[in-house]
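Examining the three-dimensional arrangement
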Amino acid sequence: MPDSFTPLDGASCSGFVTIKDAGLTGMILLRADLGAADVAAALTGAGFDLPGSGELVGGLGQGALWMSPDELMILCAYDEAEATVATLAEALGELHALVANVSDARAVFRLTGEGATVREVLAKLSPADLRQNALPPGRVRRTRLAQVPAAFWFGGEHEAVLICFRSVAGYVFDLLSKAAEPGSEVGHF
Amino acid sequence: MGHYSALAVVREAFRDHRGWQRAWKSPEPRRRYDVVIVGAGGHGLATAYYLGKNHGIRNVAVLEKGWLGGGNTGRNTTIIRSNYLQDASAAIYEKARTLYETLSQDLNYNVMFSPRGVMMLAQTEHEVRGYRRTAHANALQGVETEFIGPGRVKELCPIIEVRGPRYPVLGALWQPRGGTARHDAVAWGYARKCSEMGMDVIQQCEVTGIRTSGGDVSGVVTTRGDIDCGKLGIVVAGHSGHLADMAGFRLPIESVALQALVSEPIKPCMDVVVMANTVHGYMSQSDKGEMVIGGGADGFNNYTQRGSFSHIEETVRALVETFPMISRLKMLRQWGGIVDMTGDRSPILSGTPVGNLFVNCGWGTGGFKAIPGSGWGFAELMAKGESPLCAEFGLDRFREGRFIDESVAAGVAH
Amino acid sequence: MSRRLPKGGRLIDRSKSLGFSFNGKEMRGYAGDTLASALLAEGQVLMGRSFKHHRPRGIVASGPEEPNALMGLGRDGTFEPNARATTTELFQGLEARSQNHWPSLENDFGAISSMLSRFLPSGFYYKTFLWPRAFWKHVYEPAIRLSAGLGKPPMRRDTDHYEHFNITIDVLVIGGGISGLAAASAAAESGADVLLVEQDPAWGGRAPVDGARIDGMSAEEWIGSTLQSLQSMPNVRMRTRTTGSGIHDHGYVLLHERLTDHAPEHSVPRHRLWKVRAGQVVAATGAIERPLSFAGNDRPGCMLASAVRDYVVNYGVAPGERTVILTNNDDAYRTALTLREAGLGVSAVLDTRQQATGPLAAAARDAGLNVRPGCGIAGIVGRNRVDGVQVCRQDSDGEVIDVIQADCVAMSGGWSPATHVWCHAGGKLSWNDEAAHFAPDPARPPTGVDGMAMMQVAGSASGAIHSGTALESAHAAGVLAGKALGESRGRKAGRAPAGEDEGHQPMEPVWLVPARAPYAKRAKSWLDFQNDVKVSDIELAAREGYESVEHAKRYTTLGMATDQGKLSNINGLAILSRELGAPIEEVGTTTFRPPYVPVTMGAIAGEARGELFQPVRKTPIHEWHEANGAHWEPVGHWRRPYAFPVQGESVHDAVKREVLATRSGVGLLDASTLGKLVVKGPDAARFLDMLYTNMMSTLKPGKCRYGLMCSENGFLVDDGVVARLDGDTWLCHTTSGGADRIHASMEEWLQTEWWDWKVYVANVTEQFAQIGVAGPRARDLLNELGPSMDLGREALSFMAWTDGALGNVPVRVFRISFSGELSFEIAAPAGQARALWDRLLEAGRPLGMTPYGTEALHVMRAEKGFIMIGDETDGTVTPQDLGLHWAISKRKDDFLGKRAQEREHMTDPLRWRLVGLETLDGSVLPDGAYATDEGVNANGQQKTQGRVTSTYYSPTLDRGIAMGLVERGPDRMGEILEFPVIDGEPVRARIVNPVFHDPDGEKQNA
Amino acid sequence: MLILTCPYCGIRCDETELAAGGEAHLKRFGPGSSDEEFEGYLFMRANPKGVHFERWRHAYGCGKWFHAARNTATLEVYGTYPAQVHEPPQEVLDAISTRVPGWRWKDVS
Ligand SMILES: Cc1cc2nc3c(=O)[nH]c(=O)nc-3n(C[C@H](O)[C@H](O)[C@H](O)COP(=O)(O)OP(=O)(O)OC[C@H]3O[C@@H](n4cnc5c(N)ncnc54)[C@H](O)[C@@H]3O)c2cc1C
Ligand SMILES: NC(=O)c1ccc[n+]([C@@H]2O[C@H](COP(=O)([O-])OP(=O)(O)OC[C@H]3O[C@@H](n4cnc5c(N)ncnc54)[C@H](O)[C@@H]3O)[C@@H](O)[C@H]2O)c1
Ligand SMILES: Cc1cc2nc3c(=O)[nH]c(=O)nc-3n(C[C@H](O)[C@H](O)[C@H](O)COP(=O)(O)O)c2cc1C
Ligand SMILES: [Zn+2]
């Protein structure tokens, strides 16, 4: 969709952590009882891997985040979101579920930095337990970033992906940029 | 008890201040009183005082589980104003404010009522409309207020950042005769007068039970023995739910922690009281020089007199935005009080399902300013069974849907 | 005269000389100095004036407990009042000014009050200034206020910035003295993650100065090797310049780290506020020495004995050339010996105990010092500083037996454990008679989320004042803290370090020197130096019935100064207990509250300043608005364009232009902030029937319905258009401010009341931008963009919706109207909304298309008599009050608010109800005006019978229009009401139908 | 600052990630109820100095409502559990009884 743009339109900022607009991303909200066998069967049958509680499988472009006991966020390519919605709807058929394309509702950032610096930047803004063993790669944390909701996970030790609502993308970008200003490294983790 | 005056101070200075008498007696409880008031906070003491002064009822005991004035009366941000929207509220708060004007003389105790002016900032169009409405209502209620523009705001309080950037000040509701008073002195002054009238203010005396007979109250059980009474007034703020429990009924009340903080003292730089409801903060400067700052209330029941730090943070954040100069001041102390929040955030001054048992509670985050008016009205209610000042603050209103909702015009209610 | 000693000073670097200024005078010190040590070294004894009596004051202490040496630091955007000289690290260019004097520190006018002090005992103001009444406001209070405060207010915007940092940690150790180090080691060896913080720039606390030996090493060596081993442990983190500020419930602890105060650098955050969630907290905060109460103890030159020692050992500064030591315990002999070793004079050691027999006293005697047991101080010679000491027998009323020349008094009244942080979250203390101090009671600790102890105390903070016992207790505390985590990490702490001290002779509590000091002396014996509270003041409070320690505090202001009574509290309550004849433990302490040391407000606010003060929510079209001169209005966290004034145009004129252009041509509105909630499931119909007052289950797919939501208390809380998307899916629009609130409330009902109902809700507010296109030419405009669907009058009838594409953007078009014109609301994916907006603008140019803001929207809806949540409603208004009966289903058994609306007062026929109001002269009614009724109520207030809820100048009608709530309003059409106006003639207005424009709705059906 | 464990996602949440929701286990009264019942449901609250059951929402996390059994005088938390029940689960009741001897469910409300 050529007209589409992300709220920050490719912005990036390099401090001791680099914060980058992750670009257009397919995101689909799925609500269904993840504990129900028929729901699980329908989803796996259609080729979707189901993350366990608090976990994610895959990553941006293809994957799924556990959001709550009855909510997943399916990640896919931006252009494939509508088709994926259709696939999901078909797979779930008559089962009680809600599927919605929310690719435009959120902003996605990629944070990269040496060592534990990414954890440090996040720790300036979020009350989440950011110790390596509390949030290793493969787990996702929905939490608060300063005054807005956000979710993040670590791809590897030096990289994290952060998602927030579209309307506050500018606020979150400014927060992260400020937190990553050189000279304010904490050196804690 | 000895009359207080400058002359008396000079006289005493020449005899090493040995001649001062106790401000109040510390008597042993007697077996029976005509009226027992539970709770020696401002409201309880004022009730006793006006029972004696206005109704000639002096066989009164005020029972206090700790030290008198140690509840919310001793831990509030002392803002006094009466620019309320609803008639019933405006009436009782304005009565209180007027009584405050002469309270020092009435009590022969300087409570330092300081009518320096209170302004409530309007920072959204919605607030502008709300405060204009209040100003109109106040004019008809006989409460002197005015909606002023940002220029006047800046003139009255130069340390405010009126240009925002986030929420430029669009104006303010200004009550020139609102202000502050020395909170402890209010309790102490009333206690001294009650004692002088022959009433017993008994500290370290916790009420642990309420006795009834035939549906009427007959007395209380305390940590210092049983005490009989003809009438009982429960005036215990955050502990009202607990006391109602003892008497076997429930109140539409939840007890939550409300916090405040002070900065280190600085030279006077703020002559008025400012409340900024859009950003949730209010501040004044005490006569000693600290910035006195009110924080938010917790959303959960709590009896610890400690609140959550997030409210302090939120308040300070709001005030640093509104008064950028405080950024380099330091917070000296923070504390909390347990306030009694009702379903409509307005107080209860009412009879109860138990005969001769009355409650005065639910002042929540804003009852210091009401102390003299509340005492006046509640004394009348206890003495005569009815009082125009209290009429609309009955318990029945929750059943009938006759709420007195002040959140309508302004956010918070201090 | 330089007081710098030729050698010594373990913390200073004599190779780095730093220039600074004090009251404009240039001075020099060394790297490692505090402002206090540098000033002392420069011979500056007078440091400021006390709060109440403007007494001359010098330094008393060497740490954050300092009550006197408070300075104004910096200037303009870096000015800070009330900074403690004793904790301010020196840097090149530091500017300091003393406080609370006029015209100068040396000659202060306010000092008059000191001469009048006998007329100004505690609480004098409660007894005076009563008459004449008006004088309080105009004369007395202004005078009192003039003398209020200490430092000057900062007047400029702070040029620094601040940040927060959140961590979760197993064990937090507060205090980096030997006890903190030992506790941290023990906890870390047990396998716990440990954070160790120290408020000073250096580790080690008192021990290096006091000279303990640990594990056979000197304290300094032991500290060095312990630091090294801690640093090598991967599970240990350490921070200096970081104060344990407040212990809050459930192990939430605030630390206040100062990053650049010692080396200003504005690109780096000045302070960092740590929010720590700790499994266990160990308080290793040490102990604080107590002053002694004797006449003249506030004279500059009277200092804590430990502080005197600190200045000599740590900074190589001599507080005095001839010092008199006054003590009730052995520790102060260390000061005597230290001074002697540094080559300084010790005029005498006055020991209030009848005998001085401990090893330290013996060492002092051996060193040739003049030890005088059983002696005290009767008074101080000298005005602005100590010139001499009058000696008396402690057990006397102060008869002078000797006068000694001296320029410094080093006093020690014993040590009080620094228990503040233990008490912040509810830990209790017990009195130890032998050591005469309050110490944490391990049986009554602050408890955590599990109801178990969340804190341990270590070292002298626990009352274990001497190194040996301190280290034992610290080790045990560390082990316990590590263990308390439950999950044993399978490791074990080593043994406790062994400390050795000299033997000690027990201290003897002394609360007044001399014991039988008469009033004149007690009135000059200071307890609280900053607030000028003397022994006589506490006695007066007790005599007047302010017997509770809390009353005494508040009556005298004891302990309420910026040091929060760190030096004065115990002495004060001892005096109180003496006066009351009650044991100290019964008198008890006042409440310890955070912060331990005052915390900068900026640090508390953290990053949330300026642009980051609060999030600004932006619609996908926000940038266009900004670029096109939007006059903003905050709506929740959103900023919406109120109007788009063009060059030179007033906002009012812009609104007028926007309304007229929309009514006559076509207008464009960014309505993206409207809430959009998808509700789906087999029970969705039933659910919506409960939430809305209307019947939503009967809505047909493809159609829309305007719905109302009430609170369970019966009042109208939100409104919006509901569209049925398909058999089991609805899309609910909410107000801009309501989206999150209504979403939350839907989830609440679904999760906590009707959890067996099969309904899912998704908040898609931000997925879609919403653009309103309104006006007679609205359809023409849309057709310009080549819609993929039929937008004709029949194909898309009023209150219907359709999907399709518009200008190549996938959209959903709702034919709904809030302006009364032919109107479409177009939902497009947020990412493509700006493209659509631009295309609409372009296509609309030939049609005279005009973007309009919220005010034009409001005016147009008012012209149509549509209500607005927040204007017509205020939380006390029901849909019935607003005449919205048609939107309240009578066929439903239940919906939220239904039961409430049946209550007596809600069905009162006298309730105020919605009407239109039209002024007789065409003017605009004032906002919020009330209509008066006859007479006054029981409280003497003017009766009222209605009020204005919305009022506007209507460009369409060119006159004022208004809506209002009026008693029995709809039954009184045509009646005239009077609205008094502040400072003006009352305005008269007629009750009319609230629909002012196109009452038959022909335009929206076009 | 309270720290509660969300029973849905197992996260120990800072209070600032949660939204407080007042007394738990209220029974809703609608049309047909008496004025007293309705008043009780909307306004009358257990306000005990001691064991209290209350509702919380993991607002910045999984969005789920849960209940906490908490002591309002000591702030001790005896347990948290999903909100979709009419009574606290037995293990929470047991945990309270162990910590507060003599306490019984319903004593408070
Ligand atoms: C932080 C804070 C800021 C505030 N700011 C303002 C403000 O700016 N302006 C304003 O107008 N109001 C303010 N308030 C509210 C105001 O403080 C209270 O409404 C008011 O003080 C209540 O007075 P009271 O006499 O009813 O209660 P209290 O002063 O609390 O007195 C009740 C007394 O009852 C005693 N008691 C309780 N149980 C028993 C028992 N069983 N037996 C015997 N005695 C018992 C208590 O110990 C207490 O002393 C604030 C409150 C707080 C906490
Ligand atoms: N003989 C005596 O009378 C006497 C009295 C007191 C101390 N001492 C000596 O002191 C030593 C005891 O060691 P210790 O470690 O228990 O105490 P300490 O006083 O040596 O160390 C405490 C440390 O904690 C720091 N601290 C205090 N409060 C803090 C806070 N809130 N945040 C951050 N840091 C804070 C202090 O700056 C200090 O460095 C022994 O050597 C002992 O002999 C002796
Ligand atoms: C208006 C007002 C001003 C205060 N000013 C000070 C002050 O200057 N210094 C101080 O230490 N405490 C000050 N306090 C706080 C009290 O010390 C105390 O914290 C408060 O009354 C609550 O009591 P508690 O902390 O003993 O529970 C002030 C309190 C109020 C209500
Ligand atoms: Zn959760």
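Structural notes, computed from the coordinates.

Reading guide: rules and limits
Residues numbered from 1 in each chain as written. Chains lettered and ligands numbered in written order. Predicted model: local features only at pLDDT ≥ 70, side-chain atom pairs only at ≥ 80, totals over all residues. Heavy atoms only, no water. Helix = DSSP H or I, 4+ residues; strand = E, 2+ residues; numbered from the N terminus. Rg over C-alpha atoms; globule rule 2.2 N^0.38 Å. Buried < 20%, exposed > 50% of the residue type's maximum accessible area, 1.4 Å probe, protein only. Contact = heavy atoms within 4.5 Å. Areas by Shrake-Rupley, 256 points an atom, 1.4 Å probe, with all protein chains shown as cover. Lys, Arg positive; Asp, Glu negative; His and termini not counted. Charge placed at Lys NZ, Arg CZ, Asp CG, Glu CD. Donors = N, O, S within 2.8 Å, 3.2 Å for Na, K, Ca; no water. Tetrahedral: all angles 85-135°; square planar, octahedral: opposite > 155°, others 65-115°. Buried area = accessible area lost by both parts, 1.4 Å probe. Salt bridge = Lys/Arg side-chain N within 4 Å of Asp/Glu carboxyl O. Polar contact = N/O pair within 3.5 Å; in protein donor to acceptor, adjacent residues only side chain to side chain. Near = heavy atom within 4 Å. Nonpolar A, V, L, I, M, F, W, Y, C, P; charged D, E, K, R; others polar. Domains from an automatic or database assignment. Expected span 1.5 Å × (residues − 1). Core = buried A, V, L, I, M, F, W, Y, C linked by side-chain atoms within 4.5 Å. Axes fitted to C-alpha atoms, helices over the stretch in contact; angles between N-to-C directions. Parallel < 35°, antiparallel > 145°, perpendicular 65-115°, else oblique. Pairing = 2+ DSSP bridges. Phe/Tyr/Trp six-rings, centres within 6.5 Å; stacked < 30°, edge-to-face > 60°. Lys NZ or Arg CZ within 6 Å of the ring centre and 35° of its normal.

Turning our eyes to something else, we now look at the overall build of chain B. Regarding its fold elements, chain B presents 10 helices and 18 strands. For chain B, the C-alpha radius of gyration of 21 Å lies close to 22 Å, the compact-globule estimate for 414 residues. Dimensions of chain B along its principal axes, counting C-alpha atoms only, are 65 × 65 × 40 Å. Every one of the 414 residues in chain B was classed for burial, and the buried ones make up 73%. Restricting the contact set of chain B to residue pairs at least 6 apart, pairs at least 24 apart contribute 75%. When the accessible area of chain B is evaluated, it comes to approximately 11300 Å², of which 48% is carbon and sulfur surface. When the 44 basic and 41 acidic side-chain charges of chain B are each reduced to a single mean position, those positions are 4 Å apart.

Below, the discussion takes up the overall build of chain D. On a plain count of helices and strands, chain D comes out with two helices and six strands. Going from N to C terminus, chain D has its helices and strands arranged as β-β-β-α-β-β-β-α. Over its C-alpha atoms chain D spans a radius of gyration of 14 Å, differing by no more than 12% from the 13 Å that the globule rule assigns to 109 residues. Taken along its principal axes, the extent of the C-alpha atoms in chain D is 40 × 35 × 25 Å. Split into buried and exposed, the 109 residues of chain D put 60% on the buried side.

Octahedral metal centres with six donors ideally show angles of 90 or 180 degrees, and tetrahedral centres with four donors ideally show 109.5 degrees. Residues and elements named next belong to chain D. The zinc ion (ligand 4) binds to the protein through C6 (SG), C9 (SG), H58 (ND1) and C62 (SG); the donor distances cover 2.0 to 2.4 Å. For the zinc ion (ligand 4), the four donor atoms in the first shell make angles of 101 to 119° at the metal, a pattern classed as tetrahedral. Here the donor residues of the zinc ion (ligand 4) share one chain and are spaced in sequence as C-x2-C-x48-H-x3-C. For C9, a relative accessible area of 13% translates into the label buried.

The next subject is the interface of chain B and chain C. Many authors give the size of an interface as the accessible area that is lost as the parts come together. The interface of chain B with chain C comprises 109 residues on the first partner and 120 residues on the second. Between chain B and chain C lies a buried interface of about 10200 Å² when both sides are counted; carbon and sulfur atoms form 55% of it. The interface formed by chain B and chain C includes 14 salt bridges. Among the salt bridges present, the one from E80 of chain C reaches K330 of chain B, with a minimum N-O distance of 2.6 Å. Applying the counting rule to chain B against chain C returns 63 residue pairs in polar contact (both at pLDDT 80 or more). Counting residues per element, the ones that place at least two in the side of chain B that touches chain C are α1 (6–13), α3 (87–107), α4 (125–141), α6 (183–196), β12 (253–263), α8 (309–322), β16 (330–342) and α10 (397–400) of chain B.

Residue and element names in this part refer to chain B. Lining the immediate surroundings of ligand 1 are 37 residues, of which E64, N72, T73, T77 and K369 lie closest. Residue G366 places a main-chain N or O atom 3.1 Å away from an oxygen atom belonging to ligand 1. Alone, ligand 1 offers 1000 Å² of accessible surface; in the complex the protein occludes 98% of this. Of all the secondary structure elements, the ones that give two or more residues to the shell around ligand 1 are α2 (42–55), β12 and β16. Counting residues per element, the shell around ligand 1 draws most heavily on β12, which supplies three residues. Looking at the shell around ligand 1, its residues break down into 15 nonpolar, 17 polar and five charged. Summarising the domain contributions, the shell around ligand 1 has at least three residues from each of domain 1 (26–109 + 182–252 + 344–409) and domain 2 (118–178 + 255–342).

Attention now goes to helix α12 (residues 467–483) of chain C. Between its terminal C-alpha atoms α12 of chain C stretches 24 Å, which fits the 24 Å expected from 17 residues at 1.5 Å a residue. For α12 of chain C, every residue scored as buried is listed here: S467, G468, A470, L471, S473, A474, H475, A477, G478, A481 and G482 of chain C.

On to the pattern of salt bridges, then. Residue and element names in this part refer to chain B. This model, assessed by the stated rule, comprises 109 salt bridges over all chains. Its salt-bridge partner being R97, residue E94 comes within 3.1 Å of it at the nearest N-O pair. In this pair, E94 and R97 are both assigned in helix α3, three residues apart and thus about one turn of the helix distant. The class for E94 is buried, based on a relative accessible area of 14%.

Turning next to the nonpolar core. Counting residues in each nonpolar core, the largest one holds 153 residues, and the members touching the most others are F109, L122, L162 and L176 of chain A together with L172 of chain C. When residues in this core are grouped by element, the largest group, eight residues, is from α3 of chain B. By size, the runner-up hydrophobic cluster in this structure holds 80 residues, among which are A83, V317, V346 and L369 of chain C.

Once that is clear, we can look at the packing of α2 of chain B against α3 of chain B. All names here are of chain B. Interhelical geometry of α2 versus α3 gives an angle of 75° and a closest axis separation of 14 Å. Between α2 and α3, the angle falls in the class roughly perpendicular. Contacts between α2 and α3 involve Y49, Y50 and K53 from the former and L99, L103, D106 and L107 from the latter.

This next bit is on the sheet that holds β12 of chain B. Strand order in the open sheet formed by nine strands is β5(B)-β6(B)-β4(B)-β13(B)-β14(B)-β15(B)-β12(B)-β16(B)-β32(C), and the pairing between neighbours is mixed. Strands at the two margins of the open sheet, each flanked by one partner only, are β5 (146–148) of chain B together with β32 (599–600) of chain C. Pairing analysis gives three bridges linking β5 of chain B to strand β6 (residues 171–175) of chain B, with the strands arranged antiparallel. Within β6 of chain B, the position partnered with E146 of chain B by the bridge is W174 of chain B. The strands that α8 of chain B touches are β4 (118–122), β12, β13 (273–276), β14 (281–285), β15 (291–301) and β16 of chain B; relative to β15 of chain B, the one it contacts most, it runs at about 140°.

Between W131 of chain C and the following residue, P132 of chain C, the backbone shows a cis peptide bond with an omega angle of -20°. Tracing the backbone through its elements, the reader meets P132 of chain C in the loop between α3 (124–127) and α4 (133–146). Cis rather than trans, the peptide bond between V513 of chain C and P514 of chain C has omega equal to -10°. The topology assignment puts P514 of chain C in the loop between β29 (499–500) and α13 (519–522). For N108 of chain B, which is not a glycine, the phi torsion comes out positive at approximately 50°.

Looking now at the pairing of strand β44 (residues 823–829) of chain C. Every other side chain in a regular strand lies on the same face of the sheet, so the side chains alternate between the two faces. Residue and element names in this part refer to chain C. Taken across its seven residues, β44 has seven buried, putting it largely inside the fold. Judged by which residues are buried, β44 turns out to be covered on both faces: S823, E825, A827 and P829 on one side and F824, I826 and A828 on the other are all buried. Bridging between strand β41 (residues 768–774) and β44 involves seven bridges; their strand directions are antiparallel. Paired with A769 across the bridge in β44 is A828. Of the pairings in the sheet, the one linking strand β43 (residues 809–814) to β44 comprises three bridges and is antiparallel in character. Within β44, the residue paired with R812 across the bridge is A827.

Let us now look at the side chain of Q530 of chain C. Residue and element names in this part refer to chain C. Within the secondary structure, Q530 is located in the loop between β30 (526–528) and β31 (533–534). Within polar-contact distance, the side chain of Q530 engages the side chain of T562 at 2.7 Å. If near-sequence neighbours (up to four positions away) are discounted, Q530 is found in contact with S50, F51, K52, R57, P67, N68, L70, L150, A561, T562 and D563.

Under the counting rule described, the total for this entry stands at 47 aromatic pairs over all chains. Summarising the aromatic geometry, the rings of W624 of chain C and F644 of chain C are spaced 5.7 Å apart at their centres and angled 65° between planes, so their arrangement reads as edge-to-face. One end of the pair, W624 of chain C, is in helix α19 (residues 622–627); the other, F644 of chain C, is in the loop between β34 (638–643) and α20 (651–664), and 20 residues separate them in sequence. As far as the burial class goes, W624 of chain C and F644 of chain C line up, both buried. Seen in terms of ring centroids, W754 of chain C and W757 of chain C are 4.7 Å apart; in terms of plane orientation they differ by 10°. Their pairing is stacked. A relative accessible area of 8% means that W754 of chain C is categorised as buried. Directly above the aromatic system of Y4 of chain B lies the positively charged group of K127 of chain C, at a separation of 5.6 Å from the ring centroid.

Residue and element names in this part refer to chain C. As a matter of local geometry, ligand 2 sits amid 28 residues, with S179, E198, R206, G244 and S460 nearest to it. A distance of 2.7 Å separates a nitrogen atom of ligand 2 from a polar backbone atom of G244. In this structure, a nitrogen atom belonging to ligand 2 sits 3.3 Å away from a side-chain N or O atom of R334. Contact with the protein chains removes 96% of the 840 Å² of surface that ligand 2 exposes when unbound. For the shell around ligand 2, the elements supplying multiple residues, two or more each, are α5 (178–189), α6 (207–210), β13 (242–248) and α9 (331–341). A total of three residues in the shell around ligand 2 trace back to one element, the largest contributor, which is β13. Split by residue class, the shell around ligand 2 holds seven nonpolar, 15 polar and six charged.

Remember, this is a structural readout, not a statement about activity or role.
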